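Chain by chain, the residues run as shown.
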Amino acid sequence: APYPHLDASQPLYVNVENAPGHRVINLKAFILPAAGEEGTAGRNIARGFASYQNDLALRREFTLTDRARLTFRAEAFNLFNHANFGAIASNIQSSTAARPFGWASGTQASQLGGLNPLYQMGGPRSLQLALRLQF
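None of these values were measured; they are calculated from a predicted model.

Quick word on the sheet that holds strand β5 (residues 56–63)
The strand order across the open sheet formed by three strands is β5-β6-β7, and the pairing between neighbours is antiparallel. Both outer strands of the open sheet, β5 and β7 (126–134), are each paired with one neighbouring strand and no more. When strand polarity is set aside, the average angle formed by the axes of neighbouring strands in this sheet is 10°. The pairing of β5 with strand β6 (residues 69–77) spans eight bridges and is antiparallel. Residue pairing across strands places Leu58 opposite Ala74, the latter belonging to β6.

If you want it as structure tokens, here you go:
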């Protein structure tokens, strides 16, 4: 698909209250070129959302006897429950009501596939506790 023209008079991003992250790529900033014409918008000029989360692990070992030890471990993933939004719909020509151009359609964890979203980058806050007895 050819690149569209970029309308410099329009902002590249607009704030939308009900959009994920309250930000979408502005459809009005792009103009489809005529057939056989290449647009002026460069590749990768619009970016999606940054992705970050804080994980924390704590471990404590207790000596019960000379030969027995108890280890307690607590792990928290996405400790502050930061929302990490996934890919943004980037095809102007195939925009649908379910996935409009410029909008993120879900969280990063739901789009990665494979593992349980609970333990992937961008998943919801989750905690896990473990006890280990060694003798």
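Once you've had a look at it, read on.
Considering the pattern of salt bridges
Evaluation of the coordinates by the stated rule reveals two salt bridges. The residue Glu61 makes a salt bridge to Arg69 at a minimum N-O spacing of 3.6 Å. A salt bridge links Arg73 to Glu75, with the nearest nitrogen and oxygen atoms 3.4 Å apart. When its relative accessible area of 37% is taken as the criterion, Arg73 is described as partly exposed.

Concerning the nonpolar core
If you look at the biggest cluster of nonpolar residues, it comprises seven residues: Ile25, Ala29, Phe30, Ala41, Ile88, Phe101 and Ala104. Look past the residues within four positions of Ile25 in its chain and what remains in contact with it is Leu12, Tyr13, Phe30, Ala46, Ile88, Phe101 and Gly102.

About the cut-offs
Residues numbered from 1 in each chain as written. Predicted model: local features only at pLDDT ≥ 70, side-chain atom pairs only at ≥ 80, totals over all residues. Heavy atoms only, no water. Pairing = 2+ DSSP bridges. Helix = DSSP H or I, 4+ residues; strand = E, 2+ residues; numbered from the N terminus. Axes fitted to C-alpha atoms, helices over the stretch in contact; angles between N-to-C directions. Salt bridge = Lys/Arg side-chain N within 4 Å of Asp/Glu carboxyl O. Buried < 20%, exposed > 50% of the residue type's maximum accessible area, 1.4 Å probe, protein only. Core = buried A, V, L, I, M, F, W, Y, C linked by side-chain atoms within 4.5 Å. Contact = heavy atoms within 4.5 Å.

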